[in-house]
Amino acid sequence: MERRGSHSPGEESLQEFPGLESIHERESRLLASYAMHSSQSRGRRHAEPEHAYRSDFQRDRDRVLHCGAFRRLSDKTQVFSSRSDYQRTRLTHTMEVASIARTLGRSLRLNEDLIEALALLHDIGHPPFGHAGEDALAECLAEEGGFSHNEYALTIVEQIEQRYARFPGLNLTLEVLDSQSTRAQKSSPEVAPLLEAQVVEAADSTTYDAHDVDDAVKIGLVSLDELLDIPLVADCVGRVTGRFGVLSAGMLRKTVVHELIDCQVRDVLQNSLRGLATQEFVTSDQARRSDFRIGPCPSLAEKKAKLEEFLYRRVYRHPEISRVRGQAQHMLRQMFERLLARPKWMPDFFLRHAENVGLKRAVAHYLAGMTDGYCRQQSGKILGAT
Ligand code: MG
């Protein structure tokens, strides 16, 4: 594999911008030795000339941001669908993850551009209707190895997106592809994610723990009083009340959510800085292959687990959520069966895709790419047609 194209080397391009510091110089000035410097990137599947004023990871971030699958996150369920227009969508969740991940990454002197690219990418493979959609498609593909949104994200950026004349997919760097791939194999003990990928994992968990509390209370599925049994929330309410006294219910909810984010970010940062200070990592590779992991301290991790157990039991399995979940799964399973019997109802692209991945998986990929709204609209056509 060729790392760079043979023309337009970065040094020549820089001459077009007098006074502009090279990306590699700026990174070596600002980033820690254990960060993933773009000068150390293993490159892309299809070699491309270096860009004059954007690093390889900045280009990856922009390619994800500008692709169609990213825009479709705006109408994909995070947890709560169609209850109101207050709750998070998969897109706003992604933007919150990116913001928290960048805060952590900058403080840890990691590569913020790589972190942002990974954060924007991390949920791009989610089917419509959140985890309900993923479970339904996994069931449809049970005999073919199941369906994982993390693996589908890689399929999107390598095969489905067609935006560049010179190559299929987005031609992202191998660091971004490998990092997304480690998300798909989280449970494997051999997985050694870059510190930048670890930051995105910590930010993802920080984000959903806080915003699922916010959305669930706002929508009325649980009350803040019920959440006082959860130590992490009780701690936050105690600090907020100590600082501001009595607040209205709405202001209390919002302030507790700020505190939930802040206390987690502070803890991950303090715990990770302490850990990094005892290590002497000289390279990013050394850091990722070590036992060190970016994340909360054991006591906060325990409190987060209790909150997540509550959210699972009382929110994600709430009868109202389960009812919508059941309807969405029934619809997706029916659409899957119908398209399997009538594949020509799919766009030509997915008929060609079926030649590579098999018909069942191509049908699942077609359905997984839909937004909630488009899926509902198509269900009328597909299930109503004879
Ligand atoms: Mg996420």
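Everything quoted here is computed from the prediction, not taken from an experiment.

## What about the packing of helix H16 (residues 319–341) against helix H18 (residues 359–368)?
One way to put it is that H16 packs onto H18 with a least axis distance of 10 Å and a crossing angle of 130°. As judged from the angle between their axes, H16 and H18 are oblique. You can see that H16 and H18 cross each other, and the crossing is right-handed. Contacts from Leu 332, Met 335, Phe 336, Leu 339 and Leu 340 in H16 reach Leu 359, Lys 360, Val 363, Ala 364, Tyr 366 and Leu 367 in H18. Classifying every residue of the contact of H16 with H18 gives 10 nonpolar, no polar and 1 charged.

## Describing the confidence of the model for the protein
Here the protein shows a mean pLDDT of 93. Residues at 70 or above account for 96%. For residues 1–8, every residue scores under 50 in pLDDT, and the model assigns this stretch 25 contacts once sequence neighbours within four places are set aside.

## Structural notes on the coordination of the magnesium ion
At this site the magnesium ion is bound by His 93 (NE2), His 122 (NE2), Asp 123 (OD) and Asp 204 (OD), with donor distances of 2.2 to 2.4 Å. In primary sequence terms, the donor set of the magnesium ion follows H-x28-H-D-x80-D. Here the residue His 93 occupies a position in helix H5 (residues 90–107), and Asp 204 occupies one in helix H10 (residues 195–219), the gap between them amounting to 111 residues.

## Considering the packing of aromatic side chains
Following the criterion strictly, the structure yields 6 aromatic pairs and no others. With centroids separated by 5.6 Å and ring planes inclined at 45°, the aromatic side chains of Phe 147 and Tyr 152 adopt a geometry described as tilted. Given a relative accessible area of 8%, Phe 147 falls into the buried group. For the pair Phe 349 and Phe 350, a centre-to-centre distance of 5.2 Å together with 80° between the ring planes defines the contact as edge-to-face. For Phe 349, a relative accessible area of 23% translates into the label partly exposed. Residue Phe 350 is classed as buried on the basis of its relative accessible area, which comes to 11%. Among the aromatic residues, those joined into a cluster by ring pairs are Phe 349, Phe 350 and Tyr 366.

## Quick word on the layout of surface pockets
Here the largest pocket defines a volume of roughly 710 Å³. Along the wall of the largest pocket there are 33 residues; nearest its centre are Gln 78, Val 79, Arg 90, His 131 and Tyr 316. Among the elements of the structure, H5, helix H7 (130–140), helix H8 (149–160), H10, helix H15 (298–316) and H16 are those that each provide at least two residues to the lining of the largest pocket. One number sums up the size of the second largest pocket: a volume of about 400 Å³. Lining the second largest pocket we find 24 residues, and of these Pro 193, Ala 197, Gln 198, Glu 201 and Ala 202 sit closest to its centre. Taken together, the elements giving at least two residues each to the lining of the second largest pocket come down to helix H9 (174–184), H10 and H15. Per-element tally for the lining of the second largest pocket: the top contributor is H10, with 7 residues. Class assignment for the residues of the lining of the second largest pocket results in 10 nonpolar, 9 polar and 5 charged.

Definitions and limits used
- Residues numbered from 1 in each chain as written.
- Predicted model: local features only at pLDDT ≥ 70, side-chain atom pairs only at ≥ 80, totals over all residues.
- Heavy atoms only, no water.
- Axes fitted to C-alpha atoms, helices over the stretch in contact; angles between N-to-C directions.
- Helix = DSSP H or I, 4+ residues; strand = E, 2+ residues; numbered from the N terminus.
- Parallel < 35°, antiparallel > 145°, perpendicular 65-115°, else oblique.
- Left-handed = near helix turned anticlockwise from the far one by under 90°.
- Contact = heavy atoms within 4.5 Å.
- Nonpolar A, V, L, I, M, F, W, Y, C, P; charged D, E, K, R; others polar.
- pLDDT = per-residue confidence, 0-100.
- Donors = N, O, S within 2.8 Å, 3.2 Å for Na, K, Ca; no water.
- Phe/Tyr/Trp six-rings, centres within 6.5 Å; stacked < 30°, edge-to-face > 60°.
- Buried < 20%, exposed > 50% of the residue type's maximum accessible area, 1.4 Å probe, protein only.
- 1 Å grid on protein atoms, 1.4 Å probe; cavity = no way out; pocket = protein on both sides within 12 Å on 5 of 7 lines; lining within 4 Å.
- Points joined across faces, edges and corners; volume = space filled by probe spheres on them.

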